[in-house]
2 protein chains.
Amino acid sequence: MRPSPERRLVILTEGQFQVHDAKTALGVMRYGRDRVVCLLDSGMVGRRVADLVGDDPRFDVPAVATLEAALALGVDALLIGIAPTGGKLPPDWRGIILAALGAGLDVLSGLHTFIADDPEFAAAASSSGATIVDYRRPPDRMETSIGRVHGAGKHVILTVGTDCAIGKMSVALELRQAALDEGLRGVFVPTGQTGMMIEGWGVAVDRLVADFVQGTCEWLIEEAEMLGDWILVEGQGSLDHPAYSSVTLGLIHGTTPEAMVMVHKPGLDEHEFTHLPDRSFPIHPLPEFIRLHEQVAGLVAPSRVVAVALNTSLYPDEAAARRVIAETAELTGLPTDDPFRFGGARLFGAIRAALEPPSVRR
Amino acid sequence: MRPSPERRLVILTEGQFQVHDAKTALGVMRYGRDRVVCLLDSGMVGRRVADLVGDDPRFDVPAVATLEAALALGVDALLIGIAPTGGKLPPDWRGIILAALGAGLDVLSGLHTFIADDPEFAAAASSSGATIVDYRRPPDRMETSIGRVHGAGKHVILTVGTDCAIGKMSVALELRQAALDEGLRGVFVPTGQTGMMIEGWGVAVDRLVADFVQGTCEWLIEEAEMLGDWILVEGQGSLDHPAYSSVTLGLIHGTTPEAMVMVHKPGLDEHEFTHLPDRSFPIHPLPEFIRLHEQVAGLVAPSRVVAVALNTSLYPDEAAARRVIAETAELTGLPTDDPFRFGGARLFGAIRAALEPPSVRR
């Protein structure tokens, strides 16, 4: 999947914006290359996204109640802005999508249910000339891993985490930005639909046939190595997540990262973003969890956790956030920061120092 | 997928019988409910399978060179008897499959490439009335894990291993037989195409969409609990396999086994049944590998490795095999045997003793 020209987006979150954290919508607003014109969410009318998630010009996005109102603002694509567990289309969104396609809007979706495979949607797109992009559609490639070794001078860094939906993608994006700011050839490797919407390429790893997860991750790194040297790979799930751990391990063993960055959300005691009605699952203590990642990764290729990236959103007070960062650094013995909140420069500098002896720097 | 009536099979291995170990063909001959009439493999003509793999009435199967010769022996289905890495159809088998369908034979396949989705094959089946069974086709089910807890009195036991293709399926089948022999309600849960061909139900886990591996394994156990109490789950791959580890972990975290049986092939130093031209990968030492399985499984639900099942095929001398079994028991502190060679009764007895206090036995 290759990048597209800039679009003017309406993001559909109807009725779900506050329920589901809307991580897709927020990720696209914060990091995407497309212009987000408005949110289609009748429960949000009268408010701007910034009112809910904090003052940032990128979130200065109004909400509209109807597709007609969005069209009046001059949009050219509808992006489906939630990533529900299991990735199914909420039934009451059918009408909105049909109307959007009928009006000639492209529809961009990261759902497991492919929009383009639905005959009614396909017919609507065909008669209006609109394009449907299903980001989760897997590449037409059925190859298992061959044990590929990374190219010389390439640094592959994977974000892993203590839960899903705590910021592994954002951390990878902030670290890539820091690499670029230092004049290095930084690359972000999208492995989920939101990352793909932001970057315009990649593979939604959780949609692959299980047998080909590692083989496809290996190939993604081969592609990324053609784009640069400091390769920041978006992690998925967590190694202890009852539903998603196998995808996490597939990324670890498929990308064989030289280094991992552990993403953690202090203050969270249990796995949160789950669909696990039958039991609760604790977040594991960092030092043991870090050691276990190194052991498990090392079954296939040596790898170290070289830094901890905290999501300090549960500590709105900045002094408290800086305190928990210092405590975590002390606990783990690793460079620690919140790159999403305080920028990625400091943490990337520490990672670079760990991976590249100062003598080889240009 | 539900059991079918007994069939009379010709197994297609043309040119591959000796190259690929033919684990599908041998598994179906040894454990299947269907009658294996002949092998279609021109390189094997004049020999019986027993000549290559040892004297056992179940392997008293002749080879024929042509489909016509197989038809003359009164077969009613063609089973594709190899499981190549990546699961693609060898191009020169197209003609044989087309001819078989044309002659009204059902075609049974465990390949990733679905036979029934090929228009030419589908047309041939349709005009002759033959049925195509693609065992690897995933169930029409898109559900992630919900953290389901096992029913009371159910014992879920998963085979894990130090490599793929060393006998995890056979060990589970032998232990299930031992449970039945003790008058217990034993169940075998097939998780790969060969197990499904043998048992007539199950799911080829490596073909699932990655996001649904754990959710589907969880559901398989729910199904198995309706069939019995001692649930022997066929494992896949190995936790340290560069290509298949994510499927292995999906089974561990999806079935949340009370106990695991570690399958190991002494004498093997490197991963063997791989497609890894770029590097070699060592087999890991048992004690550490066992501990790591308990740690990794325990991230989601407590589990113990309660026994070691050895594949002693590299020790043809029986005394040597018994010696390596004793040494492994000493090394690991666990009950150890080769249930494939010496029967599953002793090892199952030890597993039962570990899981069920004698006081609760009926």
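See the structure above.
Residues numbered from 1 in each chain as written. Chains lettered and ligands numbered in written order. Predicted model: local features only at pLDDT ≥ 70, side-chain atom pairs only at ≥ 80, totals over all residues. Heavy atoms only, no water.

Draft legend 1. Layout of helix 4 (residues 94-102) of chain B. All names here are of chain B. Along helix 4, the residues classified as buried are Ile96, Ile97, Ala100 and Leu101. Projected down its long axis, helix 4 carries its buried residues within an arc of 130°, all on one side. Immediately downstream of helix 4, the backbone of Gly104 shows phi near 90°, a positive value. (Buried < 20%, exposed > 50% of the residue type's maximum accessible area, 1.4 Å probe, protein only. Helix = DSSP H or I, 4+ residues; strand = E, 2+ residues; numbered from the N terminus. Arc of directions from axis to C-beta.)

Draft legend 2. Examining the sheet that holds strand 4 (residues 77-80) of chain A more closely. Residues and elements named next belong to chain A. Read from one edge of the open sheet, 6 strands run 3-2-1-4-5-6, paired in parallel fashion. The open sheet has two edge strands with one neighbour each: strand 3 (63-64) and strand 6 (132-134). Here strand 1 (residues 8-12) pairs with strand 2 (residues 35-40) via 5 bridges, running parallel. Within strand 2, the position partnered with Arg8 by the bridge is Arg35. Against the sheet, helix 1 (residues 23-31) engages strand 1, strand 2 and strand 4, with an angle of about 160° to strand 1. (Pairing = 2+ DSSP bridges. Contact = heavy atoms within 4.5 Å. Axes fitted to C-alpha atoms, helices over the stretch in contact; angles between N-to-C directions.)

Draft legend 3. Spotlight on the side chain of B:Thr248. All names here are of chain B. If you trace the backbone, Thr248 turns up in helix 9 (residues 245-255). Look at Thr248 and you get buried, because its relative accessible area is 4%. In this view, Thr248 contacts Gln236, Gly237, Ser238 and Leu239; residues no more than four positions away in its chain are not counted.

Draft legend 4. Spatial organisation of the pairing of strand 4 of chain A. Residues and elements named next belong to chain A. Going residue by residue along strand 4, you find Ala77 and Leu79 tucked away on one face and Leu78 and Ile80 tucked away on the opposite face as well. Bridge count between strand 1 and strand 4: 4 bridges; the pairing is parallel. The residue bridging Ile11 from the neighbouring strand is Leu79, located in strand 4. In this sheet, strand 5 (residues 106-109) lies alongside strand 4 in parallel orientation, the contact comprising 3 bridges. Bridge pairing in strand 5 links Leu78 to Val107.

Draft legend 5. Expanded view of the packing of aromatic side chains. Summed over the entire model, instances satisfying the criterion amount to 2 aromatic pairs over all chains. Judged by centre distance (5.4 Å) and plane angle (75°), the ring pair of B:Trp230 and B:Phe348 falls under edge-to-face. Highlighted residues: B:Trp230 in strand 9 (residues 230-233) and B:Phe348 in helix 13 (residues 345-355), separated in sequence by 118 residues. Cation over ring: A:Arg322 sits above A:Phe342, and NZ or CZ is 3.8 Å from the ring centre. The aromatic ring of B:Phe121 is capped on one face by B:Arg94, whose charged end is 4.5 Å from the ring centroid. (Phe/Tyr/Trp six-rings, centres within 6.5 Å; stacked < 30°, edge-to-face > 60°. Lys NZ or Arg CZ within 6 Å of the ring centre and 35° of its normal.)

Draft legend 6. Representation of the interface of chain A and chain B in the model. Taken together, the 50 residues of chain A in the interface contact 50 residues of chain B. A combined buried area of about 4,200 Å² lies between chain A and chain B, and 58% of that area is made up of carbon and sulfur atoms. The largest contributions to the chain A side of the interface with chain B come from A:Ile146, A:Asp211 and A:Leu299, which together make up 15% of the buried area. Seen at the junction of chain A and chain B, the total is 2 salt bridges. Between A:Asp211 and B:Arg136 there is a salt bridge; the shortest N-O distance is 3.7 Å. Elements supplying a minimum of two residues to the side of chain A that touches chain B: helix 8 (213-227), helix 9 (245-255) and helix 10 (286-298) of chain A. For the side of chain A that touches chain B, the residue count by class is 24 nonpolar, 16 polar and 10 charged. (Buried area = accessible area lost by both parts, 1.4 Å probe. Salt bridge = Lys/Arg side-chain N within 4 Å of Asp/Glu carboxyl O. Nonpolar A, V, L, I, M, F, W, Y, C, P; charged D, E, K, R; others polar.)

Draft legend 7. How the structure looks around the sheet that holds strand 9 (residues 230-233) of chain A. All names here are of chain A. As summarised here, the arrangement of the 6 strands in space is 8-9-7-10-11-12, forming an open sheet in which the pairing is parallel. Of all strands in the sheet, those bounded by a partner on one side alone are strand 8 (186-189) and strand 12 (336-337). Pairing analysis gives 2 bridges linking strand 11 (residues 304-310) to strand 12, with the strands arranged parallel. Among the inter-strand pairings, Val308 is bridged to a residue of strand 12, identified as Thr336. With respect to the sheet, helix 9 is in contact with strand 7 (155-161) and strand 9, its orientation differing from that of strand 7 by roughly 165°. Each of strand 7, strand 9, strand 10 (259-264), strand 11 and strand 12 touches helix 13 (residues 345-355); the most contacted strand, strand 11, lies at about 175° to it.

Draft legend 8. Local environment of the pattern of salt bridges. For the coordinates displayed, the defined rule picks out 38 salt bridges over all chains. Linked through salt bridges whose partners overlap, the residues forming this network are A:Arg94, A:Asp118 and A:Glu120.

Draft legend 9. Here's a closer look at the packing of helix 10 of chain A against helix 11 (residues 318-332) of chain A. All names here are of chain A. Taken N-terminus to C-terminus, the directions of helix 10 and helix 11 make an angle of 55°; their axes are 9 Å apart at the nearest point. If you check the angle between helix 10 and helix 11, you find them oblique. At the point where helix 10 passes helix 11, the crossing takes the right-handed sense. Taken together, the residues of helix 11 that come into contact with helix 10 (itself represented by Leu286, Pro287 and Ile290) are Thr328, Leu331 and Thr332. When grouped by side-chain class, the residues that make up the contact of helix 10 with helix 11 number 4 nonpolar, 2 polar and no charged. (Parallel < 35°, antiparallel > 145°, perpendicular 65-115°, else oblique. Left-handed = near helix turned anticlockwise from the far one by under 90°.)

Draft legend 10. The relation of the copies chain A and chain B, seen in detail. Here chain A sits on chain B after a turn of 180° about the axis and a move of 0.0 Å along it, with an RMSD of 0.0 Å. What the superposition gives is, in effect, a two-fold axis relating one chain to the other. In this assembly, 100% of the residues forming the interface of chain A have copies in chain B that are likewise at the interface, indicating an isologous arrangement. (Least-squares fit on C-alpha atoms with pLDDT ≥ 70 in both.)

Draft legend 11. Layout of the packing of helix 9 of chain B against helix 10 (residues 286-298) of chain B. Residue and element names in this part refer to chain B. Relative orientation of the contacting elements helix 9 and helix 10 amounts to 60°, with a least axis distance of 9 Å. Taken together, helix 9 and helix 10 sit at an angle that is classed as oblique. The way helix 9 lies across helix 10 gives a crossing that is right-handed. The residues of helix 10 that touch helix 9, namely those facing Leu249, Ile252 and His253, are His293, Val296 and Ala297. Per-class residue counts for the contact of helix 9 with helix 10 are 4 nonpolar, 2 polar and no charged.

Draft legend 12. Representation of the state of the cysteines in the model. Residues and elements named next belong to chain A. Taken as a whole and judged by the stated rule, the model has 0 disulfides over all chains. Not part of a disulfide, Cys217 finds its nearest cysteine sulfur in Cys164, a span of 17 Å. A relative accessible area of 1% means that Cys217 is categorised as buried. (Disulfide = S-S within 2.5 Å.)

By themselves, these figures tell us nothing about what the structure is for.
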